[in-house]
Every structure is written in C-alpha cells, then in structure tokens.
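Tertiary structure, described
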Number of protein chains: 2
Amino acid sequence: MELRSTQTPDILPSYWYNIVPDLPEPLPPMIHPSGEPVKRSELEVLFPRSLVEQELSTQSRIPIPEAVRETLLMLGRPTPLIRARRLEEALKTNARIFFKYEGVLPTGSHKINTAVAQAYYNAVESVERVSTETGAGQWGSALSLAGNIYGLKVRVFMVRASYLQKPYRRILMEAYGAEVYPSPSTKTNTGRKLLAGNPDHPGSLGIAISEAIEDVVSSEGRAKYSLGSVLNHVLLHQSVIGLETIKQLELLGVERVDYVIGCVGGGSNFAGLSYPFIGYNYNNGEPPVFIAVEPETVPSMTRGEYRYDYGDTAGLTPLLKMYTLGHDYIPPPIYAGGLRYHGVAPSLSILVKNNIVKPVAYPQDEVLKAGLVFARTQGILPAPESSHAVKAVIDVALKYRGASEKPVILFNLSGHGLLDLSAYTRNY
Amino acid sequence: MELRSTQTPDILPSYWYNIVPDLPEPLPPMIHPSGEPVKRSELEVLFPRSLVEQELSTQSRIPIPEAVRETLLMLGRPTPLIRARRLEEALKTNARIFFKYEGVLPTGSHKINTAVAQAYYNAVESVERVSTETGAGQWGSALSLAGNIYGLKVRVFMVRASYLQKPYRRILMEAYGAEVYPSPSTKTNTGRKLLAGNPDHPGSLGIAISEAIEDVVSSEGRAKYSLGSVLNHVLLHQSVIGLETIKQLELLGVERVDYVIGCVGGGSNFAGLSYPFIGYNYNNGEPPVFIAVEPETVPSMTRGEYRYDYGDTAGLTPLLKMYTLGHDYIPPPIYAGGLRYHGVAPSLSILVKNNIVKPVAYPQDEVLKAGLVFARTQGILPAPESSHAVKAVIDVALKYRGASEKPVILFNLSGHGLLDLSAYTRNY
C-alpha cells in the first residue's frame, strides 16, 4: 500500500487561498441596475462586515481563524485523498485516478466548509439569525449545523419541489434546529405573489434566494443573508479542499497532476479543489487541464452568455458579471438539484472565458450511470452532482486505455448520495 | 488541539482479536435439537471452510489477510477516534468523552468490517452467491458492497416492514448489484407458509434468517450463508474497531478508560469495540465498566433467559446458548431495526452472566432525544441504534457534573442516521 499519513491536522491549512489577485483579468465589480458599482455599505446590509471584507479582498492569503480551524477539525477535516484503483482497473486505463472525498463530513458534502466560516463571522458580529435558500438540501443542512454550532438561528427557504420530494433533507435541517419553509412561501412578498399565480409553484433556487434576501432586508438588521456558492468569499472558504490536496499529493509522492475535474452548480466545489492548483502554477508552467462539468439541461458555461445578470429571480441581488442562462431561467427538474442554477461564479466565468477552465456538459442518464460504476468499484455512491465529475473522469480515463502515458486525473467527490438514492433507480 | 495522527494505515491491525480463549468460562458448543454438538461438516454446508475454522477457533490472534486489509484501507479504515468536547460542554460534565466513528465507511456503519472478510473468504473458496437477511438494511448494504468487490452474487431477504418503509436502503443494495426480496417472500417454503397465513406479514429478522438459510440449503452447494452479527467469526472481524481504538488512545496520550459503551442487537459493534479492552486486561487489573445498551422493547440481556435457543424463527439454525427472548418472539416495530433480534451473541452472553458486561435498557423516545443532543453538539446524527449508546453515555456523563474525577467514557458510534431520518421527527 502506498497510503501514507495524509489526514493529520497539519494538512488542514491555516489560511484560505483567494484567486482574485491571480485572475488573468480584473474581476468586474458587482453593480446596481443603474450601472454604479455596489457600495461596501450596501453589501453590509446583507452580510457581516468581515465577510464583505473577504468578498472584496485582493489579498492572496487570508488567515483562517483558529476557532474555525478547530471546528473544521472536529467535523472531520482534513478529508481523505484516495486513489481509485478499482475504478482504474475496471476501466483498464493507464491513468492514475485520485479523488478528494468530502462526503465524510457530517452533512455529507463540502458545503460545511463555508457554512462554518460564515456562521462564525456572523456570530462574532452578533447577528441573531441567518437566512438562506437551498435546492437539493446540502447547503441548507450544512448551514443548519454550522449555525447550531455558533448559536445562530437559521432560516432556510427550500425549493418547494425538493421540499416535497426530499423530506429527509428537511428533517436533517430541523434536527439541527433550523426553521425550513418551502419556497415560494407565504413569508415574503415574492413568495406570496408567485403562490397567488400558482399555488403549486415548484419553486427554483433563484426564487428561494429572492425570498431569503427579502427576509433579511425586512428584518431590521437582526438577520443576515448567507449564500452557499457563487460569491468570492464562499469560494475562498472552499479552498481548503485544494490546499489540503496539494499537501496530500506531495505526501503520496505524486509530483504532477494532468487533469483536475469537478462539477459546477454555482462553482464552489470546483473552485475549492482547482483554484489553488491554478494559483500556485502547479506543474511548473505546464498547467493541468481543468474540466468543469455541468448538466446538459442547465448549460450555463457551455451555452450561457457572459454578461451582467442578477443572482436571483426577483432581481433583489446586485448584478454579477458571469456566464448566465438569464435570471428568469427555470431549470428543468433534474436529480442533481445542487446544479440547478442559472449562473456561475464570476471568478470561474473569467477562467472559462480565458480558456483556463474547459466546461463540458453531460446528459443526466449518462451521469447517473457513471455514478453507479463508481459505487460498484470504489464502494461510495456519489451525490448526483458529484457523479457529473465522475462521468468526465471516466471519459478522460478511457482515452488512456492501453496508452503509454500514465496521466494523473484528480477530481472532487464533493458528496455522497445517501440522501439522493432515488436518483439512481432508473439506471441499475 | 490535542488531535494527533490517528488515522495512518498502521493503526489498522494486522490480526483480529478472538475473545473465546479469554472468556471466564468455556463457550458452550452449538448443538443440534438432539443435544449433540454440531459437526464441522454441518457448519460447512452454511459457511465456507475458513469461516467455520474461525468460528471454532480458540486462538487469540488470527491474521487478517493482506487483501482484506487493503480493502478495509480503501474503504476508509482506520476510522477516526474523536473527543466529543462540545457534548461534554453541553452536559457540563467533568468526564472526557471519546467516540469511535464508524459512519465514515461507505455504507454508513461498522457492518462492512465483517462483510469484507466474509465476502473475501467466500470468494477464495469459489462460492458463487451469498444469501443473507437484513433488518434496518445496514448489514444488507454492507454485504452487497463487499460481494460486489469480490465478484460474488448477493441475495438479501429484507424484513418486509423495512423493505416497505425504507426504500432507500433497498435502492442502495440494488445499486451495489444485489438482489433484494421482501421477507417473508415467495422464494422459500418458510416464506410461502407465512404469506399464506397473512399476505401482509411484516416479517422479522428471525424469519428472514430462516429464509436465507433455506435458500442456501436448497442451492446444491452453490450458495453460502452470511450473517451480520451473533457468531464468533463475525465478532472477531469487528475487533478491528477496538484494536484501532487502543492504538489511537495511546497516540492521544489517554492512559486509562473508565467506561466502554455500545448498543447491542446481536452484539457485533459492542463486541468489536469492547472485546479487545476486556481481553487485553486494559487499565492493568482495574477494568473499565462495560455497558451494553438495548431497547426496552427488545430486552434480551436485561429480561431474557440464558439458555439454548435457535438463531432464527423457523428453527433451521443450530441451537446457541445465549440470552434470548425466545426464537418466536416478534419484537415490536421500533426505529432501531438493527436491534430487533431475540437473542445476543453467545460470547457476550457469557460476559453478561459473569457480570463483566453490564446490560441496560432504554425506551425509544429517550434514545432518540439523546441522538438529537449528539447531532446538535457534535454535528453527526447517529443511527437510531447508535443513539442507544449515546443515551447511556449521557447518563453516565451527567453523574460527573461538578465531580472531582475526570473519568474517560468511550463509546462506539457505530453508524450515522442519514438513512433513518424519519426516526427523529417526533422528537425535535
């Protein structure tokens, strides 16, 4: 066995990596519909000051507070980096496949990495309650747990279709002490308006964001908003994934990586793994191929436009420059609820536009079949979101069947699928 | 942080610990209804030779085959040993609480430890298919995965009540490629007879065992039987839990343990953690208090009789000397399906009879509330089975509120509850 001690506490970094200063072009500012850049004070209505600071930061390294680091250690970081030998054998590939496995964390995905940081800063600034949206429920579960750890109330607007189809995720959030409302809800004007038009409205992530923001804005300063992806500070917090991986690869004696692959909804798990590899000029000037995988039915990167757009449906957020399908796009119901978002992170959009990250899109059935191949070889049933990455990994690996090269493929297994099992029934 | 490198591969032992030679009295042999001890050749109808060898072994240490060890490493062993600091703080106890967390393994519980070993030996002896029963589904999932790894077919008889209430577990088994039948089923005489009497028969673990055994006996040698608890070889395979823990405690500088606590269905997770502490004379002659926790509604140890009884409902297994509620006892439906078994392991029964292990029983609601306390402090929602151990831990820890002693309480968090969330809804 070549396994080494790659889960010692020192593997968890003491700082986060911020890609903003290393982007190939400056990050366009968030703007108002008027075209004016958004003011810091305006962002502070939504977020605590320290997170606004991080959102706008141009520093490469931002120290992780010791209290956050200890919580991440308690919850199971560093997560394992595992070589997928049985998958390699099943594919008869010469490629070596490694995956970072975030599913060992208590809510089953990477989302807790930023949830802990966000809850911590909100608590330090004496915020009483955080409000958020959730689609598949992974983000909502993570924030519910993190809020509980730091003594914050948590209110979650859960896309109604998921709320009805996925009672387990709702129960998990409630078990952590959160309030969960199906969105559209009767708690907000946005929700009430939509329900008036259609009492059975299935909801969307964009609508749930609008509701959470409205809830915060009308809270008279007692509540702040919390987002699980897209924004700089969220992607920043996820950089622990890639920073740990770089150290773990070194311990395993793996000197170069040829492909870095992840799935993309808003971009946070993909960024978490890949940005440190981009920023650190990994492989000394021969960068890996970075592949960002999205569903064919939500093709923000492969078929969206690069332009300013709202982050939510009702147009309550500032405008972000990003690849988008339009903020009024309602993605069709797919199993990977975490990827049903009309846009992608502005920083990732710049990397796609500059051909540093290559986007690909796959149809749902092929993705779920790839997830089953992974379960049957490596034992872990991936979240349907993560199965998108697995599908791309398999396609790359198959190119190296009988090849003389032995490239290293690295991917992020961002979560397990134990709360999404019904997704797989059609594809046995 | 006092965390140290306690998940390196060398923590996983290279041998299993067998308590049989260290029991305070000899283990009574399995017998036939005639009263004659069961012959080795008779057991070999049900199990491959190497497992029969282990079942009857009186050696203390049995080497773990390297192929099994590598699979256990691949699946995530060694599992973490975690100090439950936030639980300690919430309880305002002076006790230090540590838990071994088996829920990081892919099927979410400790069951994979023996599933891998059993599947390996069956495969080495060219068995085509293994047949088993499952209650809550944790054992069935584990064997389905392990069978898949070693290229064995797996057939699972799943207690009908669970089959209907827990489609997710069934889907997971099928995702790993197993055949799953609701028990009583139409595949066996036992099943058909019961269904004739009651087409909606909810089933029980004892009935499902009868079906699996009948399936094997009528397979003309192509299939073998596999059991997830109770038998010596199963408890043997689980000893990796306690052996790892002893090494991990040493690395953490914890020199003595005052309480060792686990839940008991058939006894395998409890034995896995505690037997090495019993056998190694831990604390140098001042043994920890060993507490075995069962549900009040299935009180095998606290209210059962110590006598010979069948392991299944139909009387197809040999007779085992154990604490039992009677093989025809049908436990009421409780959330902790893994604890719904009429007997307990013969070796554990001897330890209970000799006052080495102290049994306690708790009502379901208190247990589930304890599970929620754990989720809200440590972040991990326990399996309803494991919440029994948590309840006992909390009760012991509360005795040391404001005490001058700082005892160490160790328990086995044998699995997470992400596939059993509905259990918790009544108890928010």
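Everything quoted here is computed from the prediction, not taken from an experiment.

About the cut-offs
Along every chain, residues carry numbers that run from 1 in the direction the sequence is written. All chains are assigned letters beginning with A, and all ligands numbers beginning with 1, in the order in which they are written. In keeping with the predicted nature of the model, local features appear solely for residues at pLDDT of at least 70, side-chain atom pairs appear and are counted solely at 80 or more, and the whole-chain, interface and lining totals rest on all residues. To obtain the side-chain values, all non-hydrogen atoms of the structure were used and water was disregarded. Where helices and strands are cited, they refer to DSSP runs of H or I of at least four residues and of E of at least two residues respectively, numbered from the N terminus. In this analysis, two residues are considered to be in contact whenever any of their non-hydrogen atoms come within 4.5 Å of each other. Salt bridges are defined as contacts in which a side-chain nitrogen from Lys or Arg sits within 4 Å of a carboxyl oxygen from Asp or Glu. We call a residue buried when its accessible area falls under 20% of the maximum for its residue type, exposed when it is over 50%, and partly exposed in between, using a 1.4 Å probe and counting protein chains only. Residues below a pLDDT of 70 in either copy are left out; the C-alpha atoms of the rest, at least 70 in both, set the least-squares superposition of the copies. Whether two strands pair comes down to DSSP finding at least two bridges between them. Whenever a helix is involved, its axis is fitted only over the stretch in contact; in every case the axis is a line through C-alpha atoms, and angles between N-to-C directions fall within 0 to 180 degrees. UniProt positions are given in the numbering used here, feature names are shortened, and annotations may be inferred rather than shown by experiment. Put simply, buried area is the surface a 1.4 Å probe can reach on two separate parts but cannot reach once they are joined, added for both. N or O atoms closer than or at 3.5 Å make up a polar contact, with two conditions inside protein: a donor-capable atom paired with an acceptor-capable one, and, for residues adjacent in sequence, both atoms drawn from side chains. As a working rule, the residues Ala, Val, Leu, Ile, Met, Phe, Trp, Tyr, Cys and Pro are called nonpolar, Asp, Glu, Lys and Arg charged, and the rest polar, with Gly in that last group. Definitions for this section: a left-handed crossing has its near helix turned counterclockwise from the far helix by less than a right angle. A right-handed crossing has that turn clockwise. Geometry of aromatic contacts follows a simple scheme: Phe, Tyr and Trp rings, the Trp one being its six-membered ring, pair when their centres are within 6.5 Å, and the pair is stacked under 30 degrees between planes, edge-to-face over 60, tilted otherwise. When the NZ atom of lysine or the CZ atom of arginine is within 6 Å of a ring's centre and also within 35 degrees of its normal, the charge is said to sit over that ring. Here the nonpolar core consists of buried residues drawn from Ala, Val, Leu, Ile, Met, Phe, Trp, Tyr and Cys, with membership extended through side-chain atoms lying within 4.5 Å. When the strands point away from the viewer, a crossover counts as right-handed if the route from the first strand across the helix to the second turns clockwise. Under the convention used throughout, the expected extent of a helix is 1.5 Å for every residue step, that is, one less than its residue count.

A short note on the side chain of Ser268 of chain A
Its place among the elements puts Ser268 of chain A in helix H13 (residues 268–279). Among residues more than four places away in sequence, those in contact with Ser268 of chain A are His110, Lys111, Gly228, Ser229, Val234, Leu235 and Gln238 of chain A.

Re the pattern of salt bridges
By the definition in use, this model includes 34 salt bridges over all chains. A salt bridge links Asp215 of chain A to Arg155 of chain A; its shortest N-O distance comes to 2.8 Å. Of the two residues, Asp215 of chain A sits in helix H10 (residues 205–217) while Arg155 of chain A sits in strand E6 (residues 153–159), which places them 60 residues apart along the sequence. Neither residue differs from the other here; Asp215 of chain A and Arg155 of chain A are each classed as buried. One salt bridge connects Glu366 of chain B with Lys391 of chain B, and the closest N-O pair in it is separated by 3.4 Å. Linking Glu366 of chain B in helix H16 (residues 364–378) with Lys391 of chain B in helix H17 (residues 384–398), this pair joins segments that are 25 residues apart in sequence. Glu366 of chain B gets classed as partly exposed once you look at its relative accessible area, which sits at 39%.

Remarks on the relation of the copies chain A and chain B
Note on the copies: chain A fits chain B at an RMSD of 0.0 Å, the axial shift is 0.0 Å, and the rotation between them is 180 degrees. The transformation relating the two chain copies, once decomposed into turn and shift, fits a two-fold axis. Scanning chain A for the C-alpha nearest the rotation axis identifies Val104 of chain A, at a separation of 2.6 Å. Take the interface residues of chain A: 100% of them recur as interface residues in chain B, which is what a same-surface contact looks like.

Here's the deal with the sheet that holds strand E3 (residues 81–83) of chain A
Residues and elements named next belong to chain A. In spatial order, the strands read E3-E4-E14-E9-E10-E13; together these six strands make up an open sheet with mixed pairing. The open sheet terminates on both sides in strands that have one partner only, identified here as E3 and strand E13 (357–362). Looking at each pair of strands side by side, their axes are set apart by 25 degrees on average, direction ignored. As defined by bridge partners, strand E9 (residues 259–263) adjoins strand E14 (residues 408–413) across three bridges and the pair is classed as parallel. In the strand pairing of E14, Tyr259 is matched with Ile409. The strands that helix H17 (residues 384–398) touches are strand E4 (96–101), E9, strand E10 (289–295), E13 and E14; relative to E9, the one it contacts most, it runs at about 150 degrees.

Observations concerning the pairing of strand E12 (residues 319–324) of chain A
Walk down a regular strand and you will see the side chains alternate between the two sheet faces. All names here are of chain A. Burial within E12 is extensive, with five of its six residues counted as buried. Across six bridges, strand E11 (residues 305–310) lies against E12 in antiparallel orientation. Each bridged residue has a counterpart across the sheet, and for Tyr308 the counterpart in E12 is Lys321.

Some remarks on the UniProt feature "modified residue: N6-(pyridoxal phosphate)lysine" (unreviewed entry) in chain A
Residues and elements named next belong to chain A. With numbering aligned to this structure, UniProt lists the feature "modified residue: N6-(pyridoxal phosphate)lysine" (unreviewed entry) at Lys111. Inspection of the secondary structure assignment puts Lys111 in the loop between E4 and helix H5 (112–124). Its relative accessible area of 14% is what places Lys111 among the buried residues. When residues no more than four places from it in sequence are discounted, the contact partners of Lys111 are Gln138, Trp139, Ala142, Gly228, Ser229, Gln238 and Ser268.

Thoughts on the environment of Tyr120 of chain B
All names here are of chain B. With respect to the helices and strands, the residue Tyr120 is situated in helix H5 (residues 112–124). Look at Tyr120 and you get buried, because its relative accessible area is 19%. When the C-alpha positions of Tyr120 and Gln248 are compared, they lie 27 Å apart, and in sequence the two are 128 residues distant. When residues no more than four places from it in sequence are discounted, the contact partners of Tyr120 are Pro65, Ala67, Val68 and Tyr150.

Digging into the interface of chain A and chain B
With 40 residues of chain A at the interface, the matching set in chain B holds 40 residues. With both sides pooled, the region where chain A packs onto chain B buries about 3,800 Å², and carbon together with sulfur makes up 66% of that total. If you sort the residues of chain A by the area they bury against chain B, Met74, Tyr168 and Leu418 of chain A come out on top, with a joint share of 17%. For the pair chain A and chain B, the interface holds eight residue pairs in polar contact (both at pLDDT 80 or more). Breaking the side of chain A that touches chain B down by element, the ones donating at least two residues are helix H3 (66–75), helix H6 (138–149), helix H8 (167–175) and helix H16 (364–378) of chain A. Taken together, the residues of the side of chain A that touches chain B break down into 24 nonpolar, 11 polar and five charged.

Re the packing of helix H3 (residues 66–74) of chain B against H5 of chain B
Residue and element names in this part refer to chain B. Contact geometry for H3 and H5: axes closest at 10 Å, N-to-C directions at 145 degrees. The handedness of the crossing between H3 and H5 is right-handed. On H5, the residues that touch Ala67, Val68, Thr71 and Leu72 of H3 are Ile112, Asn113, Val116, Ala117 and Tyr120. Its residues placed into classes, the contact of H3 with H5 shows seven nonpolar, two polar and no charged.

Remarks on the packing of aromatic side chains
Residues and elements named next belong to chain A. In total, this model carries 25 aromatic pairs over all chains according to the counting rule given. Relative to Tyr121, the ring of Tyr120 has its centre 5.2 Å away and its plane inclined at 70 degrees; by these criteria the two rings are edge-to-face. Taking the relative accessible area as the measure of exposure, Tyr121 reaches 10% and is therefore buried. Grouped by ring-pair contacts, the aromatic residues Phe99, Tyr101, Phe374 and Phe411 constitute a single cluster. Above the face of the Tyr15 ring, Arg61 is positioned so that its terminal group lies 4.0 Å from the ring centre.

Here's the deal with the UniProt feature "domain: Tryptophan synthase beta chain-like PALP" (unreviewed entry) in chain A
Mapped onto this structure's residue numbering, the UniProt feature "domain: Tryptophan synthase beta chain-like PALP" (unreviewed entry) falls at residues 74–415 of chain A. Annotated as residues 74–415 of chain A, this span is 42% helix and 19% strand, and its ends, taken at the C-alpha atoms, are 18 Å apart.

Some details on the nonpolar core
In this structure, Phe277 and Leu348 of chain A together with Phe277 and Leu348 of chain B are the most contacted members of the largest nonpolar core, which totals 220 residues. In contact with Phe277 of chain B, other than residues within four places in its own chain, are Gly242, Thr245, Ile246, Leu249, Val257, Val260, Tyr282, Phe290 and Leu410 of chain B. Residues Tyr259 and Ile261 of chain A together with Tyr259 and Tyr400 of chain B belong to the second largest nonpolar core, which totals 62 residues.

Remarks on the pairing of strand E5 (residues 129–134) of chain A
All names here are of chain A. The buried fraction of E5 amounts to six of the six residues, a majority that puts the element mostly inside the structure. Burial of E5 is two-sided: the residues Arg129, Ser131 and Glu133 facing one way and the residues Val130, Thr132 and Thr134 facing the other way are all buried. Taken together, E5, H6 and E6 form a β-α-β motif whose crossover is right-handed. Pairing between E5 and strand E8 (residues 223–225): three bridges, direction parallel. If you follow Ser131 over to E8, its bridge partner there is Tyr225.

Considering unusual backbone geometry
Cis geometry is adopted by the peptide bond preceding Pro184 of chain A, which originates at Ser183 of chain A and carries an omega value of 5 degrees. Cis geometry is adopted by the peptide bond preceding Pro78 of chain B, which originates at Arg77 of chain B and carries an omega value of -10 degrees. By secondary structure assignment, the location of Pro78 of chain B is in the loop between H3 and strand E3 (81–83). A positive phi is found at Asn284 of chain B, a non-glycine position, where the angle reads about 50 degrees. Tracing the sequence through the fold places Asn284 of chain B in the loop between helix H13 (268–279) and strand E10 (289–295). Positive phi is not limited to glycine here, since Asn355 of chain B has a value of about 60 degrees. In this structure, Asn355 of chain B sits in the loop between helix H15 (346–353) and strand E13 (357–362).

Observations regarding H6 of chain A
All names here are of chain A. For H6, with 12 residues, the first-to-last C-alpha span of 17 Å sits near the 16 Å given by 1.5 Å per residue. Where burial is concerned, most of H6 is hidden: 11 out of the 12 residues are buried. Taken as a whole, H6 has its buried residues at Gln138, Trp139, Gly140, Ser141, Ala142, Leu143, Ser144, Leu145, Ala146, Gly147 and Ile149. Gly151 lies just past H6 and shows a positive phi near 70 degrees.

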